[in-house]
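Architecture at a glance
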Amino acid sequence: MTNKISKPSNASKVSRVSIIEELYNDNLYPSARIVSKDPNYRETGGKINDLMAEWKAKLTQEDYDKLVELLDYHHSMHDMDTAASFAYGFKLGASIMLEVFEGQGDLIRPRNE
């Protein structure tokens, strides 16, 4: 049995999801929710699929399996790089926020200056 945080239903208010609640309930999957908005994304994916089909037709099954294994390793490394970039970006953003909050008032000049 899992402990889930639940809010009372209130039909008159617009429902907003709490990030903290979603984190607690283990519902955050950033890597699964990120979809490229680059206009070339789908086209590039199609080209990859076409090339893989070409290689599958040209190679023996054993060689094709080795190619797939190589690409799987490459994909794993890319995932590691992406996770590291996400963590770095998150830490950088949090550090910026800390600096902003710690320096409250530093950016505002008194009227007599």
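Let me sum up the structure you'll find in this document. The structure displayed is predicted, hence computed values, not measured ones.

1. Digging into the overall build of the protein chain
Tallying secondary structure elements over the protein chain gives 4 helices and 0 strands in all. Along the protein chain, from the amino end to the carboxyl end, the secondary structure elements read α-α-α-α. The buried share among the 113 residues of the protein chain stands at 4%. For the protein chain, the accessible area works out to roughly 11,300 Å², and carbon and sulfur atoms hold 58% of it.

2. Details of the environment of glutamine 61
Tracing the sequence through the fold places glutamine 61 in helix 4 (residues 61-102). A distance of 2.8 Å separates a polar atom in the side chain of glutamine 61 from a polar atom in the side chain of aspartate 65.

3. Description of a nonpolar patch on the surface
On the surface, Tyr88, Leu92, Ile96, Met97, Val100 and Phe101 cluster together into a nonpolar patch covering about 610 Å² of accessible area. Tracing the sequence through the fold places methionine 97 in helix 4. Judged by relative accessible area, methionine 97 falls into the partly exposed class, the value being 43%.

4. Observations regarding the pattern of salt bridges
Considering all chains together, one arrives at 2 salt bridges under this definition. Here glutamate 43 and lysine 47 are joined by a salt bridge, their closest N and O atoms 3.2 Å apart. In this pair, glutamate 43 and lysine 47 are both assigned in helix 3 (residues 41-58), 4 residues apart and thus about one turn of the helix distant. Residue class for glutamate 43 comes out partly exposed when judged on its relative accessible area of 46%. Two residues, glutamate 69 and lysine 66, come together in a salt bridge whose shortest N-O distance is 3.7 Å. Taken together, the residues span about one helical turn, with glutamate 69 and lysine 66 both in helix 4 at a distance of 3 residues. You can call glutamate 69 partly exposed: its relative accessible area is 32%.

5. With respect to the packing of helix 3 against helix 4
Interhelical geometry of helix 3 versus helix 4 gives an angle of 145 degrees and a closest axis separation of 8 Å. Where helix 3 abuts helix 4, its residues Met52, Trp55 and Lys56 lie against Gln61, Tyr64, Leu67, Val68 and Leu71. Of the residues belonging to the contact of helix 3 with helix 4, the class tally is 6 nonpolar, 1 polar and 1 charged.

Analysis parameters
- Residues numbered from 1 in each chain as written.
- Predicted model: local features only at pLDDT ≥ 70, side-chain atom pairs only at ≥ 80, totals over all residues.
- Heavy atoms only, no water.
- Helix = DSSP H or I, 4+ residues; strand = E, 2+ residues; numbered from the N terminus.
- Buried < 20%, exposed > 50% of the residue type's maximum accessible area, 1.4 Å probe, protein only.
- Areas by Shrake-Rupley, 256 points an atom, 1.4 Å probe, with all protein chains shown as cover.
- Polar contact = N/O pair within 3.5 Å; in protein donor to acceptor, adjacent residues only side chain to side chain.
- Patch = residues over 30% accessible without salt bridge, like charges linked within 9 Å, V, L, I, M, F, W, Y side chains within 5 Å.
- Salt bridge = Lys/Arg side-chain N within 4 Å of Asp/Glu carboxyl O.
- Axes fitted to C-alpha atoms, helices over the stretch in contact; angles between N-to-C directions.
- Contact = heavy atoms within 4.5 Å.
- Nonpolar A, V, L, I, M, F, W, Y, C, P; charged D, E, K, R; others polar.

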